[in-house]
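An overview of the molecular structure
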Amino acid sequence: MILITINCYSQSKTKIKETNKFQEILDIYSDSLQLNKYGIVNLTKHQNKIFKSEIGWSSETEKMTSNKIFNIGSLTKLFTSVLILQEIENGKLKLNDTIGSFFLENKNVDSKITIEQLLRHQSGLGEIAVDSVLNNSFVNYEYKYNHCFLYNQIPNKQFNKGEKFLYTNTNYQLLGYILEIINDEPYSKIVEERIFKPCKMKNSYTYFSKTLKNIAHPMFNGEDLIKQVNYKFYYNLAFSAGCISSNLNDLELFFSSLYETNKLISRETFIKMTEFQDDYGLGIQRIKVKSKNKEYYLIGHSGDNISFKIRNWYNPKTKDLIITISNQMGEKYIGKINNEIIKDLE
């Protein structure tokens, strides 16, 4: 009896530390990040367990940690799409509504472009955020594109509406304006009330600013760009196509709510969201994964902005989730890291 009691006590006090094999994948690239002084964080959710990993630097002097806040760039588009789909569920919008109902005449804009064509990047609209103004607007805080109605700045169309898919930020900037028009509220408040709060995202914002606590600094070729950061670039120009900032924990809450619950949209609406054309749905992307024994799809939405990069993928069958973020837009390791993690999860 005594021996049995001692053995049970010993087992109850013994804890086996689980190895984070995903940290080991990131560590392979740790030395490569030293020269350019930037960092990478990863969250992998597997069999309902969350593993967080980090390497590199969050600034010139501070090591990266997995709780840092990053601008998520075009992943913002997935948030904007959710809000638009909520309006459709509530009867305020239809996918075949045309944008002429919301905006005045513009010679560069076909008023018969539909909400669905904006969501699917099939509008043919000219690009504002990249081709026209990117360099000027980031470094010049008072540049005109930082504080005016961007609808009036849309350049010539790239093709006729509905002809093909072409990823264009203008589509989602207009969707953000439509949300503001029908709600008579700023986009920032709509996101906070209808996504951040329901998902309990306490470290997420509709802008990026050096005044935010615990941020990863934007780095580029070893240079810390934090002194050049101004919220206007993200809040006013990137807007509903790329303004949101968040961290790994909050993003996991968002993805889990969207992919696995009715908290944000119904399952019927989610199915509609994931009706893909050219591997793009209603604000969501997919990629095909080929392994030795099978082929399957992962869903998510990438993001690139000055100077951040995020790649995230979710497997609807296994519920595995991968989120990888860097504070340097031009880095070249996130894709390799995600590929290694995807292989490990198979």
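The structure we're discussing is the one just above.
Residues numbered from 1 in each chain as written. Predicted model: local features only at pLDDT ≥ 70, side-chain atom pairs only at ≥ 80, totals over all residues. Heavy atoms only, no water.

**Some details on the overall build of the protein**
Helix and strand counts for the protein come out as 11 helices and 11 strands. Relative to the globule expectation of 20 Å for 346 residues, the C-alpha radius of gyration of the protein, 22 Å, shows essentially globular dimensions. Dimensions of the protein, computed from the C-alpha atoms along their principal axes, are close to 85 × 45 × 40 Å. Every one of the 346 residues in the protein was classed for burial, and the buried ones make up 54%. Contacts in the protein between residues far apart in sequence, at least 24 positions, make up 67% of those at least 6 positions apart. For the protein, the computed accessible surface area is about 16,600 Å², with 49% contributed by carbon and sulfur atoms. (Helix = DSSP H or I, 4+ residues; strand = E, 2+ residues; numbered from the N terminus. Rg over C-alpha atoms; globule rule 2.2 N^0.38 Å. Buried < 20%, exposed > 50% of the residue type's maximum accessible area, 1.4 Å probe, protein only. Contact = heavy atoms within 4.5 Å. Areas by Shrake-Rupley, 256 points an atom, 1.4 Å probe, with all protein chains shown as cover.)

**Quick word on the nonpolar core**
Among the nonpolar cores identified, the biggest contains 78 residues, and Phe79, Ile195 and Phe254 are the most heavily contacted of them. Setting aside chain neighbours within four positions, we find Phe254 in contact with Leu78, Phe79, Val82, Ile195, Cys199, Met201 and Leu264. Counting 21 residues, the second-largest nonpolar core is a separate cluster that includes Ile40, Ile322, Ile334 and Ile337. (Core = buried A, V, L, I, M, F, W, Y, C linked by side-chain atoms within 4.5 Å.)

**Here's the deal with the packing of aromatic side chains**
Think of a pair of aromatic rings as described by two things: how far the centres are apart, and how the planes are tilted against each other in angle. Counted by the stated rule, this structure contains 19 aromatic pairs. Linked through ring pairs, Phe79, Phe196, Phe254, Phe255, Tyr259, Phe270 and Tyr314 together constitute an aromatic cluster. Here the guanidinium or amino end of Arg286 rests over the ring plane of Tyr297, the centre of that ring lying 4.1 Å away. (Phe/Tyr/Trp six-rings, centres within 6.5 Å; stacked < 30°, edge-to-face > 60°. Lys NZ or Arg CZ within 6 Å of the ring centre and 35° of its normal.)

**Focus: the environment of Lys197**
Topologically, Lys197 is positioned in the loop between helix H7 (187-196) and strand S4 (219-220). Relative accessible area serves as the criterion here: at 53%, Lys197 is assigned to the exposed category. A polar contact of 2.8 Å, which involves the side chain of Lys197, links it to the side chain of Glu193. (Polar contact = N/O pair within 3.5 Å; in protein donor to acceptor, adjacent residues only side chain to side chain.)

**Observations regarding the side chain of His46**
Residue placement: His46 occurs in strand S1 (residues 39-46). The exposure class assigned to His46 is buried, which follows from its relative accessible area of 17%.

**Some remarks on helix H9 (residues 248-260)**
The end-to-end C-alpha distance of H9, which contains 13 residues, comes to 18 Å, matching closely the 18 Å that a straight helix rising 1.5 Å per residue would cover. Burial within H9 is extensive, with 10 of its 13 residues counted as buried. Those residues of H9 that sit buried are Leu248, Asp250, Leu251, Glu252, Phe254, Phe255, Ser256, Ser257, Leu258 and Tyr259. (Expected span 1.5 Å × (residues − 1).)

**A look at the pattern of salt bridges**
For the structure shown, the criterion picks out 12 salt bridges. Lys21 is paired through a salt bridge with Asp344; the nearest N and O atoms lie 3.1 Å apart. Of this pair, Lys21 sits in helix H2 (residues 21-27) while Asp344 sits in helix H11 (residues 334-345); the two residues are 323 residues apart in sequence, bridging distant segments of the chain. When the shortest N-O distance is used, the salt bridge between Glu193 and Lys197 registers 2.8 Å. (Salt bridge = Lys/Arg side-chain N within 4 Å of Asp/Glu carboxyl O.)

**Quick word on the pairing of S1**
Taking burial as the measure, the 8 residues of S1 include 8 buried ones, the bulk of the element. By the alternation rule, side chains of S1 split into Gly39, Val41, Leu43 and Lys45 and Ile40, Asn42, Thr44 and His46, which are all buried. With 8 bridges connecting them, S1 and strand S2 (residues 49-56) associate as antiparallel partners. Considered in S2, the bridge of Ile40 is made with Ile55. Linking S1 to S2, which pair antiparallel, is a turn of 2 residues; within it Gln47 sits at a positive phi near 50 degrees. Pairing analysis gives 6 bridges linking S1 to strand S11 (residues 321-326), with the strands arranged antiparallel. Counterpart to Val41 in the pairing with S11 is Ile325. (Pairing = 2+ DSSP bridges.)

**Some words on unusual backbone geometry**
Geometrically, the link from Ile306 to Ser307 is a cis peptide bond, its omega value of -15 degrees lying close to zero. Locating Ser307 in the fold gives a position in the loop between strand S9 (303-305) and strand S10 (308-314). With a phi angle near 50 degrees, Gln47 is a residue other than glycine that sits in the positive phi range. Overall, the relative accessible area of 63% leaves Gln47 in the exposed class. Backbone geometry places Lys319, a non-glycine residue, at a positive phi of 65 degrees. Looking at where Lys319 falls in the secondary structure, it is placed in the loop between S10 and S11. The class of Lys319 is partly exposed, set by a relative accessible area of 47%.

**A short note on the pairing of strand S8 (residues 295-300)**
Bridge count between strand S7 (residues 285-290) and S8: 6 bridges; the pairing is antiparallel. By the bridge assignment, Ile287 is partnered in S8 with Leu298. Taking the residues that link successive antiparallel strands as the turn, the S7-S8 hairpin has 4 residues.

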